[in-house]
Amino acid sequence: MSDPITILIGPDSIDPDRPKFQGSKAKFALAEKEGSRKTVFTMVPNKEYYKNLKLNNSNANTFSHKPGGKYKGRWSKNKKEGFGTQTYTNGSVYEGEWVSDVRHGKGTYYVMSKSKKLVKQYAGDWVNDKREGLGVWTGDKGRYEGEWLGGKMEGKGKMEYTNGEVYEGEWKSGGRDGMGVLGLENGDKYIGMFKNDKKDGPGRFEYYSTGKVYEGEWMDGTPKCGEFKNMVGVGQETFNLPSLTLTDANAVLGEAVAGVRQNKAETARPGTAKFSSDDMSQIRLAFSNFSGEEDLIKVVNLAEVIGSLGIQLQEGVLEGLLEKIGAEMDDDISYPEFVDIVVVVASGV
């Protein structure tokens, strides 16, 4: 298929120092894209024409090329460089900075709406033709303001959804990932961890209408185990939850959370240490031997507790893990967190 054809409209009037040539050399000189130019039109191959040509059909009413996009702005060595406006074949428009023929720097991208009007979709930073840095995006889902990487939402940002929900927190590869706060239109609120755009990990859900709070572990958007209690400082009418009678409620909750986290680790990374019910009993016993009344142990005692389980610590694994999570020697560790650490060191990862 034939290549695109570029049609140049001579140099812009703001470039008066451009040399005046005559004859064929003049035409070539004027065709060089350098400095500021008026609109440059592009003709793209007409697929219908080449389809008819291949089928030996008549091409009397078709042409080999049809109108494509157009660009007006600065050039350097036949490449877009500096500020310019590109109108694409589909009607969308980019207005902003260019470097070596790609969008790079500050710029705004407009798309054609259903009513055939240009609407702003993104305004912000670009790197190598992709959204990267800080920017504001508006689309069918809502309005996002925050950090970008490689054309996707990544880093810290805030999304105001069209359904009334608002999320502010961490993003990765275009989805909610990490610590964040999700507010619902009815006043309910989730504060906690996300993964792959779903609630995943420790989190707290506040029920505004009932004045209750659920705190616990989530997986794939679903609460797995946790505790309901009254929300402090909420003046709404509340109802009383049925009371539960447990000999040690905190211990039972800790066991449940630990089990959820171990299953999650195995699912996310096959080959991770998987413990039997007897193993979990031994882990719980070792933890209890070193824990105080609040069912916590000190980071400084971790190596000794893990050693009591007969686990041979590989050199530097525990120290590297503690450094990675920013743990200090006088910090406290809960039982579910202890299980997380045992899973990692036992797997040698």
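Refer to the structure above for everything that follows.
Residues numbered from 1 in each chain as written. Predicted model: local features only at pLDDT ≥ 70, side-chain atom pairs only at ≥ 80, totals over all residues. Heavy atoms only, no water.

Novice: In this structure, what is going on with the packing of aromatic side chains? I would like to understand it.
Specialist: Aromatic ring pairs are defined here through the distance separating the ring centres and the angle between the ring planes. Considering all chains together, one arrives at 19 aromatic pairs under this definition. Between Tyr-122 and Trp-148 the ring centres are 5.3 Å apart and the planes differ by 80 degrees, which places this aromatic pair in the edge-to-face class. Linking Tyr-122 in strand S7 (residues 118-127) with Trp-148 in strand S9 (residues 142-149), this pair joins segments that are 26 residues apart in sequence. Among the residues examined, Tyr-122 registers a relative accessible area of 0% and is labelled buried. The ring of Tyr-71 is capped by Lys-80, whose NZ or CZ atom sits 5.4 Å from the centre of that ring. (Phe/Tyr/Trp six-rings, centres within 6.5 Å; stacked < 30°, edge-to-face > 60°. Helix = DSSP H or I, 4+ residues; strand = E, 2+ residues; numbered from the N terminus. Buried < 20%, exposed > 50% of the residue type's maximum accessible area, 1.4 Å probe, protein only. Lys NZ or Arg CZ within 6 Å of the ring centre and 35° of its normal.)

Novice: Help me understand the pairing of strand S11 (residues 166-172) in this model?
Specialist: Successive side chains on a regular strand alternate, one facing one side of the sheet and the next facing the other. Bridge count for strand S10 (residues 152-161) against S11 is six bridges, and the pairing is antiparallel. Of the residues in S11, the one forming a bridge with Lys-158 is Glu-168. As consecutive antiparallel partners, S10 and S11 are separated by four residues, and within that stretch Gly-164 has a phi angle of approximately 100 degrees, a positive value. As defined by bridge partners, S11 adjoins strand S12 (residues 175-183) across six bridges and the pair is classed as antiparallel. (Pairing = 2+ DSSP bridges.)

Novice: What is the right way to look at the pattern of salt bridges in this model?
Specialist: Opposite charge on two side chains allows them to pair when their charged atoms are near. Taken as a whole and judged by the stated rule, the model has 10 salt bridges. Between Glu-215 and Arg-204 there is a salt bridge, and its shortest N-O distance comes to 2.6 Å. Of this pair, Glu-215 sits in strand S15 (residues 212-219) while Arg-204 sits in strand S14 (residues 198-207), and the two are 11 residues apart along the sequence. Glu-215 sits in the partly exposed class, given a relative accessible area of 26%. On the accessibility criterion, Arg-204 (25% relative accessible area) is partly exposed. We note a salt bridge from Lys-298 to Asp-332, for which the minimum N-O separation is 3.0 Å. Of this pair, Lys-298 sits in strand S17 (residues 297-298) while Asp-332 sits in strand S18 (residues 332-333), and the two are 34 residues apart along the sequence. Accessibility expressed as a relative area gives 34% for Lys-298, which makes it partly exposed. One network of salt bridges, with partners in common, ties together Arg-204, Glu-206, Glu-215 and Lys-229. (Salt bridge = Lys/Arg side-chain N within 4 Å of Asp/Glu carboxyl O.)

Novice: Looking at this model, I keep getting lost on unusual backbone geometry. Mind explaining?
Specialist: Most peptide bonds adopt trans geometry, and most residues besides glycine take a negative phi value. Residues other than glycine seldom take positive phi values, yet Lys-77 does so here, at roughly 55 degrees. Structurally, the position occupied by Lys-77 is in the loop between strand S3 (65-76) and strand S4 (79-87). Its relative accessible area of 69% is what places Lys-77 among the exposed residues. The backbone of Asn-128 shows a phi angle near 50 degrees, a positive value even though the residue is not glycine. Within the element layout of this structure, Asn-128 appears in the loop between S7 and strand S8 (130-138). Given a relative accessible area of 55%, Asn-128 falls into the exposed group.

Novice: Please explain the environment of Ser-113 as it appears in this structure.
Specialist: Tracing the backbone shows Ser-113 in the loop between strand S6 (102-112) and S7. Given a relative accessible area of 19%, Ser-113 falls into the buried group. Considering only alpha carbons, one finds Ser-113 and Ser-92, 21 residues apart in sequence, at a separation of 9.4 Å.

Novice: Would you explain the side chain of Ser-92 in this entry?
Specialist: Checked against the element boundaries, Ser-92 lands in the loop between S4 and strand S5 (93-99). Only 2.7 Å separates the side chain of Ser-92 from the side chain of Asn-90, close enough to count as a polar contact. Within the local environment of Ser-92, its side chain forms a polar contact with the side chain of Tyr-109, the two groups lying 2.9 Å apart. (Polar contact = N/O pair within 3.5 Å; in protein donor to acceptor, adjacent residues only side chain to side chain.)

Novice: I keep staring at the environment of Arg-204 and nothing clicks. Help me out?
Specialist: In this structure the C-alpha to C-alpha distance between Arg-204 and Tyr-214, which are 10 residues apart in sequence, comes to 5.7 Å. If near-sequence neighbours (up to four positions away) are discounted, Arg-204 is found in contact with Lys-189, Tyr-190, Ile-191, Val-213, Tyr-214, Glu-215, Trp-218 and Met-231. Reaching out from Arg-204, the side chain makes a polar contact with the side chain of Glu-206 at a distance of 2.9 Å. (Contact = heavy atoms within 4.5 Å.)

Novice: In this structure, what is going on with the environment of Pro-202? I would like to understand it.
Specialist: Within the fold, Pro-202 resides in strand S14. The partly exposed category is assigned to Pro-202, whose relative accessible area is 40%.

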